[in-house]
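Okay, here's what each chain looks like letter by letter:
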Amino acid sequence: MKNKGFIVFLTILISLLCIYYLSFTYISQNIQKQAVEATENEDGSVNVTEKQRYLDSIWNEPVYDLFGIDYTYKEIKETELNLGLDLQGGMHVTLEVSPIDILKGLSGNSGDADFLAALDEAKKNVRGTQLNYVEEFYSEFKERAPQKELAQIFATAANRGRISLQSTDAEILEIINTEVESAIDRSFNILRTRIDRFGTSQPNIQRLQGTGRIQIELPGVDNPQRVRKLLQGVAKLEFWEVHQQQNVAPVLVSINSLIVQEMKQNPSETSEEDQQLKDDITALLGGEDEVDSLAAANGDSTNNDQLDSLINTRQSPLFDLIVSTPQYGGLLYNVKDTAKINRILEREDVQAVIPATMKFLWDVQPKDKGEELTGPDILELYPIKTNRSGKATLTGETISSATASLNERAEPEISMQMNATGSRTWAKMTRENVGERIAIVLDNYVFSAPYVRGEIPNGSSSISGGFKTIEEAKDLANILKAGSLPAPTTIVEDVVVGPTLGKVAQSQGLNSILIGLVIVIVFMVVYYAKGGFIANLALFFNVFFIMGILAQFGTSLTLPGIAGIVLTIGMAIDANVLIFERIKEELRNGSGLKAAISSGYSKAYWSIFDANVTTLIVGIILFTLGQGPVKGFAITLMIGIVCSFFSAVFITRVIVEAFSKKGDNSKISFANSFSRNALTNLNFDFLSKRKLAYMFSSIFIAIGVIALIVKGITLGVDFKGGRSFVITFDEPRNPTEIKTSMGNYFENAGTEVKTFGAPNILKITTSYKIDDESDEGDAIVRDELIKGLSETTGLTYIADGSQLEDGNFTISSSSKVTATIADDIKNSSYKSGVIALICIFIYIVFRFRKWQFGLGAIIALFHDTLFVLSAFAIANMFGISFEADQVFVAAILTIIGYSINDTVVVFDRIRENMGIKSGSELIPVFNESLNNTVSRTFITSLTTLIVVMVLFLFGGAVLQGFSFALLIGIIVGTYSSIFIATPIVIDLNKKKS
């Protein structure tokens with residue numbers, strides 16, 4: 001083998017990188033453990049508030065020293081291996097920005113009947129499609145009123161300067177599209193700011209391009225109602241005057257005096273809140289060590305004397321926190337101190353010191369310190385000038401437009417225009433504050449506070465300076481437009497997973513991995529002797545690389561992702577089985593050990609390559625078109641395919657060739673006595689049985705189709721829309737009784753109730769109020785559910801599932817999928833299946849140079865898909881119900897990838913044998929090829945089947961449908977590669993001749 005040194009170097013490099021990235025996960029877990037120990041109550045419970053304070057206090061502190069490089073806790077959390085919501089609990093929300101309201105706002109809420117009818121019809125047209133709403137609206141509008149121009153609708157006073165009665169439809173459509181995109185960007189920026197301030201670790205927010213949707217994941221949140229309110233709250237844009245520094249200094253001195261008095265109190269008489277204040281001030285002053293050292297220097301002996309000495313040593317505890325820099329004149333603080341400062345400012349006695357005309361607001365993000373200041377990130381605290389009403393003099397509704405561009409000095413600048421009302425107020429504000437600052441505030445955070453250069457009488461003003469890039473200016477311009485056009489967001493998908501359910505999923509997932517690993521390891525050693533040990537070493541590298549790369553890419557490990565790892569364990573062994581079977585075959589044919597190894601790896605290489613590429617194609621399609629859990633599975637599957645190929649083909653070869661350097665059989669072997677000739681010298685006439693196979697498959701699929709028509713399969717809310725709840729009771733409950741009783745509360749809407757992994761856990765899915773997407777609709781369904789379960793069972797609902805006792809029940813998780821999202825998921829599922837089949841057909845034809853091979857493979861894959869669907873329908877007829885959802889689609893596509901894996905190996909041997917026996921009859925060559933590969937097919941299918949069986953038994957209720965589909969798929973995939981795909985190639989060749 002060439003380039004052994006490079007393979008060794010690459011293996012060491014990847015291993016070191018994986019160790020590096022996984023070390024952050026190890027350190028993070030230790031810190032979490034320390035936080036729990038530090039805040040644990042006497043009864044063993046954890047004070048969640050104190051735990052968060054502990055973690056906040058070290059957020060920007062160095063906690064990990066790696067080769068002289070210090071990493072803060074914040075940096076560790078950003079680099080550790082994330083856990084998905086299904087493994088730790090949390091919330092997944094998809095919001096949709098409504099273009100209808102944007103168009104209504106642009107039109108000045110026009111009451112034109114044709115305009116309103118076109119809006120409603122366009123909404124129906126785009127549902128479940130990828131059509132552009134604005135284009136559909138225009139088409140419907142012109143169909144209803146061909147003589148009308150858009151200018152008649154949109155040429156309003158608010159749009160003066162942009163749209164006139166002379167504007168063409170094309171020009172107006174361009175403005176509308178720009179406004180819709182701007183509204184989505186604006187909503188995204190506002191939500192991103194809110195989420196960043198929410199206080200959850202590793203939040204994730206992203207725009208789903210081309211859909212007008214924003215997807216948000218919040219791990220670990222325990223107050224979903226607060227999140228919904230936060231996400232859907234109306235953006236509050238305000239303009240406030242900022243106090244001069246000389247007005248603020250006396251206030252800070254008064255606060256400081258109050259703090260001094262608090263610090264002098266006797267600790268034994270202080271309240272918990274006062275003690276927390278002392279702790280905060282001590283921490284802000286440098287910690288107890290510095291208190292002690294300064295006190296010792298002054299010869300003090302008591303705690304109060306130490307504090308007095310420290311206070312005398314420094315001018316002021318609060319003033320000492322202010323970071324001095326010539327670049328800014330405001331109150332600048334270390335970012336890590338903000339939580340402690342907030343606690344001080346929120347105290348009632350401190351609030352009494354602050355004048356009624358003053359309030360403090362934080363900057364939205366840390367300052368750009370430039371070259372003048374080094375050290376920690378700094379954040380400005382603005383002393384805002386308030387009035388008696390407490391309301392801002394000027395709000396965002398008065399802004400008619402705001403655009404970002406480059407000025408004559410090529411600097412980013414924002415041009416802002418206000419309406420008549422806003423212009424008058426703005427002229428007064430700017431006239432009275434020349435040389436002072438006016439803060440632009442959104443959701444109580446300051447986005448900018450420019451200085452006023454002079455009175456602005458016409459409502460047209462510009463903001464420049466402080467922008468490093470045009471993108472920053474564009475972001476603020478979008479913020480300024482937050483009040484100019486309505487862009488409400490609607491929650492169209494809402495999934496909540498309780499922490500208790502997440503921990504159960506973690507345990508089940510880890511059990512699946514460990515049990516699957518153990519079974520495969522034992523089997524490989526028993527069957528392949530010393531070669532099995534080498535394959536197991538490659539398997540270890542494979543799993544290790546997967547975890548390390550997931551951490552390196554910042555990808556979350558989800559429950560479907562664990563399923564991907566489990567499946568990879570089963571499939572990764574396939575390459576080594578193929579190689580070892582080839583080596584055994586070469587040894588039986590009389591080749592020497594070194595020659596057999598070289599030939600075995602060479603002959604198996606392209607079979608392994610083709611099989612992995614076809615599965616990788618499926619993974620790419622899943623990642624591109626899938627959503628949520630499907631993406632997590634696809635990422636893990638793709639990484640697993642690449643890692644297993646590298647470890648099985650290259651790492652094992654380096655080790656095997658090292659052991660066989662002198663051709664000594666005693667150092668390396670690939671079989672035990674019972675497995676050396678197992679499944680060899682077979683001469684079974686597979687192709688003569690193809691008609692029986694065709695008949696069997698046709699009958700089974702026909703029964704399945706009838707079952708689909710009569711009974712169907714259980715669709716999850718992903719595909720049909722609705723709301724789903726996982727309910728945990730104190731003891732087992734009868735699903736049928738619950739379903740019957742809930743019909744009275746859900747107004748006889750379609751409702752399904754089934755056990756979910758355990759007899760005391762039920763999953764309730766209902767279409768009740770499916771068309772009501774509002775928060776009020778969610779609340780009604782939830783209230784009716786709790787009321788119905790309470791009155792039916794006599795139990796009491798509790799929100800905290802960790803406190804579940806006799807006589808209680810809790811909602812462990814919930815999900816909502818609107819009909820629009822359900823249609824989109826169904827369409828993307830159909831599309832992904834079709835695209836996968838087309839791509840595989842193209843690849844097979846390209847690799848094997850015959851369309852018969854491509855068509856035979858595709859027919860077999862179509863057969864496998866129908867077979868699995870039929871199995872689900874038949875099982876449902878016998879009362880064994882497995883839910884079909886997004887993860888089920890991932891299972892179908894995985895089956896396609898696995899089945900083509902088997903088929904490609906057989907086709908590769910057929911191609912090889914046809915080259916050797918050119919001109920021979922096809923049936924004998926095909927039969928010989930099937931017999932040559934049956935040992936590999938049997939062993940690979942057996943190991944994968946065992947691993948998937950473990951997943952089915954121990955993977956939990958969430959993955960039962962997934963693993964059941966894989967179980968059937970592996971069996972039928974192996975069967976179809978022998979009895980369907982290969983015979984069809986023969987039959988197609990016969991027709992051709």
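This is a predicted model, so every value here is computed, not measured. (Residues numbered from 1 in each chain as written. Predicted model: local features only at pLDDT ≥ 70, side-chain atom pairs only at ≥ 80, totals over all residues. Heavy atoms only, no water.)

> For this particular structure, what's the right way to read unusual backbone geometry?
Excluding glycine, residues mostly have negative phi values, and the peptide bonds linking residues are mostly trans. The phi dihedral of Asn109 falls on the positive side, at around 55 degrees, and the residue is not glycine. With respect to the secondary-structure elements, Asn109 resides in the loop between helix 5 (99-106) and helix 6 (113-126). The backbone phi angle of Ala529 is positive, close to 55 degrees, even though this residue is not glycine. Its location among the elements puts Ala529 in helix 19 (residues 499-552). In this structure Ala529 comes out as buried when scored by relative accessible area, which is 10%. (Helix = DSSP H or I, 4+ residues; strand = E, 2+ residues; numbered from the N terminus. Buried < 20%, exposed > 50% of the residue type's maximum accessible area, 1.4 Å probe, protein only.)

> So what exactly am I meant to see when it comes to the nonpolar core here?
What tends to happen in soluble globular proteins is that the nonpolar side chains get buried as a cluster. Among the nonpolar cores identified, the biggest contains 136 residues, and Met524, Ile569 and Phe962 are the most heavily contacted of them. Take this core: its biggest share by element is 18 residues, from helix 19. Non-local contacts of Ile569, meaning those with residues more than four positions away in its chain, are made with Ile513, Gly516, Leu517, Val520, Leu539, Val543 and Val947. The next biggest cluster of nonpolar side chains, apart from the first, holds 40 residues, and it includes Ile163, Ile172, Ile176 and Val496. (Core = buried A, V, L, I, M, F, W, Y, C linked by side-chain atoms within 4.5 Å. Contact = heavy atoms within 4.5 Å.)

> I keep staring at the sheet that holds strand 12 (residues 399-406) and nothing clicks. Help me out?
Within a sheet, each strand pairs with its neighbour through backbone hydrogen bonds, oriented either parallel or antiparallel. Across the sheet, which stays open at both edges, the 3 strands sit in the order 12-13-16 with antiparallel pairing between neighbours. Two strands bound the open sheet, and with one partner strand each, they are strand 12 and strand 16 (460-464). On average, each strand axis in the sheet is inclined to that of its neighbour by 20 degrees, with strand direction left out of account. Here 5 bridges tie strand 13 (residues 412-418) to strand 16, and the two strands are oriented antiparallel to one another. Bridge pairing links Ser415 to Ser462 in strand 16. Those strands touched by helix 18 (residues 470-480) are strand 12, strand 13 and strand 16, and its axis lies near 180 degrees from that of strand 12. (Pairing = 2+ DSSP bridges. Axes fitted to C-alpha atoms, helices over the stretch in contact; angles between N-to-C directions.)

> How should I be thinking about a nonpolar patch on the surface in this particular structure?
Nonpolar side chains collect at one region of the surface, where Val705, Ile706, Ile709, Val710, Met877, Phe878 and Ile880 lie side by side and expose about 760 Å² of accessible area between them. Broken down by element, the nonpolar patch gets its largest block of residues, 4 residues, from helix 23 (residues 690-710). For Val705, the location among the structural elements is in helix 23. (Patch = residues over 30% accessible without salt bridge, like charges linked within 9 Å, V, L, I, M, F, W, Y side chains within 5 Å. Areas by Shrake-Rupley, 256 points an atom, 1.4 Å probe, with all protein chains shown as cover. Salt bridge = Lys/Arg side-chain N within 4 Å of Asp/Glu carboxyl O.)

> Any chance you could explain the pairing of strand 5 (residues 204-208) here in plain terms?
Successive residues of a regular strand alternate their side chains across the two faces of the sheet. The alternating pattern of strand 5 places Ile205 and Arg207 on a buried face, while none of Asn204, Gln206 and Leu208, on the opposite face, is buried. In this structure, strand 5 lies alongside strand 6 (residues 213-219), joined through 5 bridges in antiparallel fashion. Within strand 6, the residue paired with Gln206 across the bridge is Gln215.

> I keep staring at the pairing of strand 19 (residues 722-729) and nothing clicks. Help me out?
With 8 of 8 residues buried, strand 19 is to be regarded as a mostly interior element. Neither face of strand 19 is open: one carries Gly722, Ser724, Val726 and Thr728, the other Arg723, Phe725, Ile727 and Phe729, and all of them are buried. For strand 19 and strand 23 (residues 808-817), the ladder comprises 8 bridges, and the chain directions are antiparallel. Bridge pairing in strand 23 places Gly722 opposite Val817. Across 6 bridges, the pairing between strand 19 and strand 21 (residues 761-766) is antiparallel. Pairing of Ile727 across the sheet is with Leu762, part of strand 21.

> Explanation requested: the packing of aromatic side chains in the structure shown.
In this description, an aromatic ring pair is defined by two values, namely the gap between the centres and the angle between the planes. Per the stated rule, a full pass over the model turns up 40 aromatic pairs. Arranged with centres 6.3 Å apart and planes meeting at 15 degrees, the rings of Tyr605 and Phe609 form a pair that is stacked. Here Phe609 and Tyr605 lie together in helix 21 (residues 593-625), a separation of 4 residues that amounts to about one turn. For Tyr605, a relative accessible area of 24% corresponds to the partly exposed category. The interplanar angle of 45 degrees and the centroid separation of 6.0 Å between the aromatic rings of Phe646 and Phe650 together place this pair among those described as tilted. Remark: Phe650 and Phe646 occur in helix 22 (residues 629-659); sequence separation between them is 4 residues, near one turn of the helix. On the basis of relative accessibility, which here comes to 13%, the residue Phe646 falls in the buried class. (Phe/Tyr/Trp six-rings, centres within 6.5 Å; stacked < 30°, edge-to-face > 60°.)

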